[in-house]
Amino acid sequence: MTRVLKIGGSILTDKSRELEARPDEIRRVAQEISAHPDDVVLVHGAGSFGHIPAKKYGLPQKFNREGLRVTHRSVARLCEMVVEALSRAGVESLPVHPLSCLCLKGGRIDSFFMEPISEMLKDGIMPVLHGDVAMDITGKAAIVSGDQLVSYIARSLKAEVVAIGSNVDGVLFSGRPLSRITRMDLAQVQSAIGGSGEVDVTGGMRGKLLELLDLADLGIESMIFNAGTEGNIARALNGEHIGTRIGGRK
Ligand code: IPE
C-alpha cells in the first residue's frame, strides 16, 4: 500500500523566522512516522527555510541565480534535519532533491525522473522530498511546492493513502473543518478559503486544495489534516479518516 505524506513547513519550522527549525516537532513527526514506515514517500514543506529566502530574492517571479542557490541549499538543510530525525527514530530514509530530478513547464511538473523513488521503496528506504526551486523549460526557473509533488507522485505511484498535514484541522469553513470537499463544492467554499497567514510563495490552503482536487478528478482521494495534533500523523498513515477528505462521494 503506497502512501504519500506531506508535512507542512509550518509544523517543522517557525514560518515567521528565517532558518528557524522546530527540532522538537521534527523529532515528534519522525517518531510518529516510525509507527507506519513501510511504502511511505515523505514530502516536507520548506517553511521559513524556503519561503523567506525565495521572497527575499523575488522568486519565482524574478530569475535570480544567487536566490536559487541560497533557497535550494536552505531547504536541503531542512531536509537533512528530517532525514537525521528519521534515522534516530529507526527509519532509513534518503533525500531526493526535486531540483535535481525534475523540470517544470510554466510552473507545472513536466518531467520527473521517478525511478530512484520506486527503487528506494522496493528496497525499504523512505524517499524524502521537499518543496524546492526548480528549472522551468518555458521560463528560467520557478518553485515546485510540496503539494504539487504530492499530487504528481500520488498519481504516478497510484498511491492508496494521500495525506497533507498542515497546522489547521483541515479545510476550514466558518472556522470549522469540512469533512469532505469535492469539485462541485469548490465555488461555494472558495471565497472562504485563504492563502497562508505567513510569508508563502506557493498558495497556502487554496494551493493545496486545487492540487488535491486535480488528484480527485483522477479518482484518487486524499485528506488535509492537522499534523500538529499528536497522534494524527500515525492515524493518517494508518488510513484513518481525519481532517477534510478531498474527492470521493458525499
Ligand atoms: C515551498 O514549498 C518551496 C519553496 C519556497 C522553495 P511548500 O509550499 O511545500 O512549503 P510549505 O509547506 O508551504 O512550507
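Let me begin by describing the structure that accompanies this report.

Analysis parameters
Along each chain, the written sequence defines residue order, and numbers are assigned to residues from 1. With the structure being a predicted model, the display of local features is reserved for residues of pLDDT at least 70 and the display and counting of side-chain atom pairs for 80 or more, all residues being used for whole-chain, interface and lining totals. Just so you know, side-chain values use all the structure's heavy atoms and leave hydrogens and water out. Secondary structure elements follow DSSP: runs of H or I no shorter than four residues count as helices, runs of E no shorter than two count as strands, and numbering proceeds from the N terminus. Throughout, the radius of gyration refers to the C-alpha atoms, and the reference size of a globule is 2.2 Å times the residue count to the power 0.38. Relative accessibility under 20% of the residue-type maximum defines a buried residue, over 50% an exposed one, and the middle range a partly exposed one, all with a 1.4 Å probe and only protein chains included. Two residues qualify as a contact provided that any one of their heavy atoms is within 4.5 Å of a heavy atom in the partner residue. In this tally, Asp and Glu contribute negative charge and Lys and Arg positive charge; neither His nor the terminal groups of the chain are included. The atoms used to mark charge sites are NZ of Lys, CZ of Arg, CG of Asp and CD of Glu. To estimate the expected span of a helix, count its residues, drop one, and scale the result by 1.5 Å. A cavity here means a set of points on a 1 Å grid, drawn over the protein atoms and nothing else, where a 1.4 Å probe fits but cannot get out; a pocket is an open set with protein on both sides within 12 Å along at least five of seven lines, and a residue lines either one if it has an atom within 4 Å of a point. Grid points are joined across faces, edges and corners, and a volume is the space filled by probe spheres set on the points. We define a nonpolar core as any set of buried Ala, Val, Leu, Ile, Met, Phe, Trp, Tyr and Cys residues linked to one another through side-chain atoms lying within 4.5 Å. To obtain each axis, a line is fitted to C-alpha atoms, and for helices this fit is confined to the stretch in contact; angles are then taken between N-to-C directions over 0 to 180 degrees. Angle categories are assigned with fixed cut-offs, so that under 35 degrees is roughly parallel, over 145 is roughly antiparallel, 65 to 115 is roughly perpendicular, and the rest are oblique. Only Asp, Glu, Lys and Arg are considered charged in this grouping, and only Ala, Val, Leu, Ile, Met, Phe, Trp, Tyr, Cys and Pro are considered nonpolar; every other residue, Gly among them, is considered polar. When a carboxyl oxygen of Asp or Glu lies within 4 Å of a side-chain nitrogen of Lys or Arg, that pair is called a salt bridge. Pairing between two strands is assigned when DSSP locates at least 2 bridges connecting them.

## What to know about the overall build of the protein chain
Here is step 1: Summing up its helical and strand segments, the protein chain has ten helices and 14 strands in all.
Here is step 2: Relative to a compact globule of 250 residues, whose C-alpha radius of gyration would be 18 Å, the protein chain shows 17 Å and is just as compact.
Here is step 3: Taken across its 250 residues, the protein chain has 53% of its residues classed as buried.
Here is step 4: Here the analysis covers contacts within the protein chain between residues at least 6 apart in sequence; of these, 75% occur between residues at least 24 apart.
Here is step 5: The centroid of the 30 positive side-chain charges in the protein chain is displaced by 6 Å from the centroid of its 30 negative side-chain charges.

## Re helix α9 (residues 204-217)
Here is step 1: With 14 residues, α9 should reach 20 Å at 1.5 Å per residue; the first-to-last C-alpha distance of 21 Å fits that figure.
Here is step 2: For α9, a buried count of ten out of 14 residues is recorded, marking the element as mostly surrounded by other parts of the structure.
Here is step 3: Buried residues of α9: Gly204, Met205, Gly207, Lys208, Leu209, Glu211, Leu212, Leu213, Leu215 and Ala216, and no others.
Here is step 4: Positive phi shows up at Gly219, right after α9, with a value of about 90°.

## So, empty space enclosed by the protein
Here is step 1: The full count for this structure, using the stated rule, is two cavities of 30 Å³ or more.
Here is step 2: In this structure, the largest cavity occupies an estimated 50 Å³ of space.
Here is step 3: Lining the largest cavity, in full, are Leu12, Ile26, Val29, Ala30, Ile33, Leu42, Val82, Ala85 and Leu86.
Here is step 4: Within the residue set of the lining of the largest cavity, elements represented by two or more residues are α2 (23-33) and α4 (65-88).

## Regarding the nonpolar core
Soluble globular proteins: nonpolar side chains tend toward being buried together.
Here is step 1: Membership of the largest hydrophobic core comes to 38 residues, with the highest contact counts inside it found for Phe112, Ile117, Leu129, Leu149 and Ile153.
Here is step 2: Excluding residues within four positions of it along the chain, Ile117 makes contact with Val41, Val96, Phe112, Pro127, Leu129 and Leu157.
Here is step 3: Among the nonpolar cores identified, the runner-up in size contains 31 residues, and Ala30, Met126, Val128 and Ala163 belong to it.

## Regarding the packing of helix α7 (residues 146-157) against α9
Here is step 1: Running from N to C, α7 and α9 cross one another at 10°; their axes reach a closest spacing of 9 Å. Considering their axes alone, α7 and α9 lie roughly parallel with respect to each other. On α9, the residues that touch Asp147, Gln148, Ser151, Ala154 and Arg155 of α7 are Lys208, Glu211 and Leu215.
Here is step 2: Grouping the amino acids of the contact of α7 with α9 by side-chain chemistry returns two nonpolar, two polar and four charged.

## Here we look at the pattern of salt bridges
Here is step 1: Counted under the stated rule, the structure contains 14 salt bridges.
Here is step 2: One network of salt bridges, in which partners are shared, links Lys6, Asp147 and Lys208.

## Focus: the pairing of strand β4 (residues 102-105)
Within a regular strand, side chains alternate between the sheet's two faces.
Here is step 1: Side chains of β4 alternate between two faces, with Leu102 and Leu104 buried and Cys103 and Lys105 left unburied.
Here is step 2: Two elements, β4 and strand β5 (residues 108-112), share four bridges in a ladder whose sense is antiparallel. If you follow Lys105 over to β5, its bridge partner there is Arg108.
Here is step 3: Remark: two residues form the turn of the hairpin made by β4 and β5, two consecutive strands paired antiparallel; Gly106 in that turn has positive phi of roughly 60°.

## Focus: α7
Here is step 1: Helix length check: α7 (twelve residues) gives 16 Å between terminal C-alpha atoms against 16 Å at 1.5 Å per residue, within 8%.
Here is step 2: The buried count for α7 comes to nine of twelve residues, which makes it a mostly enclosed element.
Here is step 3: Within two residues after α7, Lys158 carries a phi angle of roughly 50°, on the positive side.

## A few points about the sheet that holds strand β3 (residues 93-95)
Here is step 1: An order of β3-β6-β2-β1-β9-β13-β14-β12 is seen for the eight strands of this open sheet, with the pairing classed as mixed. At either margin of the open sheet sits one strand with a lone partner, and together these are β3 and β12 (180-181).
Here is step 2: When strand β13 (residues 222-226) meets strand β14 (residues 244-246), the two strands line up antiparallel, connected through three bridges. Residue Ile224 lies in a different strand from β14, and its bridge partner there is Thr244.

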